[in-house]
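Below are the chains, spelled out letter by letter.
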Amino acid sequence: MPYAEVNGTRLYYTDTGSGDVAIVFSHGLLFSTEMFEEQIAHFKGKYRCIAYDHRGQGQSDCPPGEYDMDTLTDDAAALIKSLGVEGCHFVGLSMGGFVALRMALNYPDLVRSIAVLDSSADPEPEENRGKYKFLNFILRWFGSKPVVKSVMPIMFSQTFLNDPSRKALRDRWAAFLGKVPNRKGMAKAVSGVIERKGVFDRLGEITTPTLIVVGEEDTATVPAKSERMHAAIKGSEFVMVPKGGHVSTIDVPEAINATLSQFFGKLDG
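In this report, we go over the structure that sits alongside the text.

Rules used throughout
- Residues numbered from 1 in each chain as written.
- Predicted model: local features only at pLDDT ≥ 70, side-chain atom pairs only at ≥ 80, totals over all residues.
- Heavy atoms only, no water.
- Salt bridge = Lys/Arg side-chain N within 4 Å of Asp/Glu carboxyl O.
- Helix = DSSP H or I, 4+ residues; strand = E, 2+ residues; numbered from the N terminus.
- Buried < 20%, exposed > 50% of the residue type's maximum accessible area, 1.4 Å probe, protein only.
- Phe/Tyr/Trp six-rings, centres within 6.5 Å; stacked < 30°, edge-to-face > 60°.

## Thoughts on the pattern of salt bridges
(1) Moving on: Summed over all chains, the structure comprises twelve salt bridges.
(2) Moving on: Between R112 and D268 there is a salt bridge whose closest N-O contact spans 3.0 Å. Taken together, the residues span a long stretch of sequence, with R112 in strand β6 (residues 111–117) and D268 in helix α11 (residues 253–268) at a distance of 156 residues.
(3) Moving on: Between R202 and E205 there is a salt bridge; the shortest N-O distance is 3.1 Å.
(4) Moving on: The class of E205 is partly exposed, set by a relative accessible area of 47%.
(5) Moving on: Here the salt bridges do not stand alone but share partners, grouping E34, E37 and R172 into one network.

Structure, rendered in structure tokens:
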């Protein structure tokens, strides 16, 4: 399995497809590279597609220390450099979106564009913190299986959850969420999200071409958060995807692929 030694840790990544330009995919909290399967399948004929697991999650290592968003951004920058894909399109969902914004702010020379999916530039809302800390306590000491029923409606749209034809896909992701490989690492990752600092006051500094996408049924980072980012980033594009939830790459993959294709096409010809 491919691993990269970067920034004092070992990150798992996948490297598929070919092309002069790469797309780097940065996943959301509790997930892994697998959440971008549909996007990689769609783009690998034209682009080199790289997806990686954040430290403490998926198949990446769980090093000492806290997993704040600046550390995760430094990880992403080091990975991009180590793989020689400077000038990539950087696609981040939720937690990965926190990283995407910071890539454009802290490492603009490494990214051709950023796509910020179902994410926010703000700190975690105070009304969410207590609930998420309780879920994190359960996850840390008892594993993720007890919290799956609570997490599924946060992650997926009601349209997806109530579609009988997609039961097998729901079952797959419920099973995935119930089998966190590293409780300690995941708990540290969750804490990093809960305690993150906002970057909204810096969004005016971003000059990297930016696409902001949100599912219309996203309740974890509501569409207003994305609209607010769009208003603050000069020249950014904004798309609200019908029937999409917080993990829109999974519950509305065709719409996400079409939206990304249109955005990349303007930049790459």
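## Some details on the environment of A187
(1) Moving on: Along the chain, A187 turns up in helix α8 (residues 183–194).
(2) Moving on: Counting along the chain gives 157 residues from A187 to L30, while the straight-line C-alpha distance between them is 9.6 Å.

## Notes on the packing of aromatic side chains
What characterises a pair of aromatic rings is the spacing of the ring centres plus the angle enclosed by the ring planes.
(1) Moving on: Taken as a whole, this structure holds ten aromatic pairs when the rule is applied.
(2) Moving on: Between F31 and W173, the aromatic rings sit 5.6 Å apart at their centres with planes inclined by 50 degrees, giving tilted as the arrangement. Of this pair, F31 sits in the loop between β3 (22–26) and α1 (37–43) while W173 sits in helix α7 (residues 167–177), and the two are 142 residues apart along the sequence.
(3) Moving on: F31 sits in the buried class, given a relative accessible area of 1%.
(4) Moving on: Assessed through its relative accessible area of 2%, W173 is described here as buried.
(5) Moving on: Ring geometry for F31 against F176: centres 6.0 Å apart, planes inclined by 20 degrees, an arrangement best described as stacked.

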